[in-house]
Amino acid sequence: MAPGIDGLPAAEREVDVSGPVAEFLRSLSPTVLLRLRLGLRAFEWLPFPWRFSRLGPDAAGEFLSKLERSRLALHHELLMLAKILSTLGYAVVPAVEARIGTEIGCALADGSLPEPAGSLGDTRPQGEGEECDVVIVGSGAGGAVAAATLAEAGLDVLVLEAGGHYDRDNYPADRLEAIATLYREAGLTIAGGKPPIPIPVAKAVGGTTVINSGTCFRAPDSILENWREEFGVTWARDLGADYAEAEEFLRVTQLDPERMGRNGQLAMEGAEALGASGGPIHRNAGNCVQCSSCPFGCAIDAKQGMHVSYLPRAVAAGARVRAGVEAQRVLVEDGRAVGVACSTRDGGGRARPFTVRARRAAIAAGGAFGTPELLLRSGLGGSQVGRNLRIHPACWVGARYEEEVRGWEGVMQSYYVDQWEARHRILLEATFTPLAFGGAWLVGTGEEHQRSMLDFGHVGSIGVHLCDRSHGSVGLANEGALRARYELNEDDARHVVFGIARAAEIHFAAGATEVYPNIPRAGVLKPADLPQFEATRFKPSELRLEAFHPMGTARIAADPRRGVCAADGSVNGTAGLYVADASLFPTSVGVNPMMTIVAFAKQVARCVATGAADRPGRSSAGAAEAVG
């Protein structure tokens, strides 16, 4: 996969790649590891009657090129699996980074360090269990904000997080270790379907806000109006004050075009040349001007993730945070949630039970994967739990420029284009990811792929982001592991292809010489190829997609037959049980969801504080009236 050319070392012969990757894979659950083994075994035997690992360099290179040109979706899925794993291990080798010239770092405009965040205290689980007024499962944007709101209202709050506690003092320095440590299933959570779509989410104190890009959008008015009118979220248009308070507290600032980096500037120049609307992105990172470490944890914690913002605020008001605690099921007595049965590990790594009793309420805030897992294991929430999964399908559209772009300099996600958002449900964002994440999407295999790596400094990239109407589901496999499915429909696939064409158009308007649409059959696009590309119909299975914003799996709906939660965030059928994360969203929100999760969590927390859903058997209509 990496034979070594022009100063790039050869994998295995000159640098060890398989060893670190094998160690990295130890962090995966047995279920996910089994799927990977089956996929790699299928890849190994694709050249039957020969095995890929037994092919000589020339034969292996020819076979990889054949897979790249194939029109079979299975071939591309297996090839991408091999490219992801091999690139992941190869791109983080210091000799490779040095030859390409990439650098990972973070800096404020004046070169200073942000003030240290407040302490979270001792995050270790205490004894066999604890008691509190409100237990919150999950510490991301929903759980952390709910914790701060409730603690400041005078309630005794306990926050449980399955992952570990990390900040700028102890983020893992090794890239593979960081991914294995900070991400659920080491970033390899995948929604099966045609195509299969990776959906990386975090597993750490602070949730996905620890590893996201820090982009802050308010939900479009049209989306909020739809939630109010169709789903009975009566307060959906009344979030302005909550948005504003969060923006001030999280130091949300619009990027300076002069300091955001050349990748964002090229997207801006191309959009302006086309007359397409957009602007520099707002981020929760104050005056940060160098940002390429976000996916590994912000190196200086300039980005105000929940672990350095709302969680310290909650702890200052009396809340407690416990890391390394896996919530297994909600405890229910007489129709009311009274706590959570959990497990944790002792100093020797052995699992032991840990039980939390809650006098007032339990809040599920584990995200659109973790929350339905908990509800399904508990047998709560009804038949809609885990359904209606939305994910914002996305793809990377790269382009080569004659000038040096050096996308790792400046801010990782920097400029948005919303020209086609209202009509085509497409949002474009100039996004440049580290080579370990984005390298697998570069053109070619073998030597060709390595030449693409060497040219990485001339690559600009735009992310295509769809407000999806396709849907999927989250369930439990026989052994209790997460199982996610998602089927991209043909209409949504056409909108993604439209977005790819618009991203290509922006690249060409900014001076790019060629564009990489990430559809194997389309190849590499020159400016004259764009009309033919737009006239071609691609199957959903031909697209190479990823996604970052799972939503909707415990959605709010005034009609309990259509959702899991009432208008106050309370779970239908169980008093004192609430949800406060993106799984509440009735549909796709269409933009990066963090700020809307924050606003929803504040709304739900206020309802918990006032006891709007404390009564067993209360109706969704009654809950909506209480919220109103």
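Definitions and limits used
- Residues numbered from 1 in each chain as written.
- Predicted model: local features only at pLDDT ≥ 70, side-chain atom pairs only at ≥ 80, totals over all residues.
- Heavy atoms only, no water.
- Helix = DSSP H or I, 4+ residues; strand = E, 2+ residues; numbered from the N terminus.
- Buried < 20%, exposed > 50% of the residue type's maximum accessible area, 1.4 Å probe, protein only.
- Contact = heavy atoms within 4.5 Å.
- Areas by Shrake-Rupley, 256 points an atom, 1.4 Å probe, with all protein chains shown as cover.
- Lys, Arg positive; Asp, Glu negative; His and termini not counted.
- Charge placed at Lys NZ, Arg CZ, Asp CG, Glu CD.
- Pairing = 2+ DSSP bridges.
- Axes fitted to C-alpha atoms, helices over the stretch in contact; angles between N-to-C directions.
- Salt bridge = Lys/Arg side-chain N within 4 Å of Asp/Glu carboxyl O.
- pLDDT = per-residue confidence, 0-100.
- Core = buried A, V, L, I, M, F, W, Y, C linked by side-chain atoms within 4.5 Å.

Caption draft 1: Seen up close, the overall build of the protein. Helix and strand content of the protein: 19 helices and 21 strands. In terms of overall dimensions, the protein has a C-alpha envelope of 70 × 55 × 50 Å along the principal axes. Evaluated residue by residue, the protein yields a buried proportion of 61% over its 628 residues. Nonlocal contacts in the protein, meaning residues at least 24 apart in sequence, comprise 76% of its contacts between residues at least 6 apart. If you sum the accessible surface of the protein, you get close to 23900 Å²; carbon and sulfur atoms cover 50% of it. On the protein, the mean spot of the 62 positive side-chain charges and the mean spot of the 73 negative ones are 6 Å from each other.

Caption draft 2: Summary view of the sheet that holds strand 7 (residues 278–280). Pairing in this open sheet of 6 strands is antiparallel, and the strands run 7-15-16-17-14-20 from one edge to the other. Because the sheet does not close on itself, it has two edges, and the strands there are strand 7 and strand 20 (514–516). Adjacent strand axes in the sheet meet at a mean angle of 25°, parallel and antiparallel pairs treated alike. Alignment of strand 7 against strand 15 (residues 413–417), held across 3 bridges, turns out to be antiparallel.

Caption draft 3: Representation of the pattern of salt bridges in the model. Counting across every chain of the model gives 41 salt bridges. Glu131 is paired through a salt bridge with Arg359; the nearest N and O atoms lie 3.7 Å apart. Here Glu131 is found in strand 2 (residues 129–137), whereas its partner Arg359 is found in strand 13 (residues 351–364), with 228 residues between them in sequence. Via salt bridges that share partners, Glu130, Glu131, Asp133, Asp156, Arg320, Arg322 and Arg359 belong to a single interconnected network.

Caption draft 4: Highlighting the pairing of strand 12 (residues 336–345). Most of strand 12 is tucked away: 8 of the 10 residues are buried. Two elements, strand 11 (residues 326–333) and strand 12, share 7 bridges in a ladder whose sense is antiparallel. Pairing of Leu331 across the sheet is with Gly339, part of strand 12. A loop of 2 residues connects strand 11 with strand 12, the two strands running antiparallel in sequence, and Asp334 in this loop sits at a positive phi of about 55°. Pairing of strand 12 with strand 13 involves 7 bridges; the strand directions are antiparallel. Looking at strand 13, one finds that Val340 is bridged to Val356. Hairpin connection, strand 12 to strand 13: the antiparallel pair is bridged by 5 residues, and Gly349 has positive phi, about 85°.

Caption draft 5: Region of interest: the sheet that holds strand 18 (residues 471–476). Ordered in space as 5-4-19-18, the 4 strands form an open sheet in which the pairing is mixed. This sheet does not close on itself; its edge strands, each paired only once, are strand 5 (197–198) and strand 18. Where strand 4 (residues 190–192) meets strand 5, 2 bridges bridge the pair, whose relative direction is antiparallel. Note on strand 5: the bridge partner recorded for Ile190 is Pro198. Sitting on the sheet, helix 12 (residues 367–378) is in contact with strand 18 and strand 19 (482–487), with an inclination near 50° to strand 18.

Caption draft 6: How the structure looks around the confidence of the model for the protein. Taken residue by residue, the protein gives an average pLDDT of 93. The fraction at 70 or more is 97%. Below pLDDT 50 for its whole length, residues 615–628 participates in 26 contacts with residues either more than four positions away or in separate chains.

Caption draft 7: Structural view of the nonpolar core. In this structure, Ile136, Leu150, Val157, Leu160, Trp227, Tyr310 and Ile363 are the most contacted members of the largest nonpolar core, which totals 88 residues. Take this core: its biggest share by element is 11 residues, from helix 18 (residues 594–610). Look past the residues within four positions of Ile363 in its chain and what remains in contact with it is Val134, Val135, Ile136, Val137, Ala146, Leu150, Tyr578, Val579, Ala580 and Val608. Judged by nonpolar contacts, the second largest core, of 66 residues, contains Ile391, Val417, Leu488 and Val515.

Caption draft 8: Region of the structure containing the environment of Phe249. Its location among the elements puts Phe249 in helix 9 (residues 240–249). When its relative accessible area of 28% is taken as the criterion, Phe249 is described as partly exposed. Expressed as a C-alpha distance, the spacing of Phe249 and Leu525, which sit 276 residues apart in the sequence, is 44 Å. Every residue in contact with Phe249, bar those within four places of it in the chain, is listed here: Ser309, Tyr310 and Arg313.

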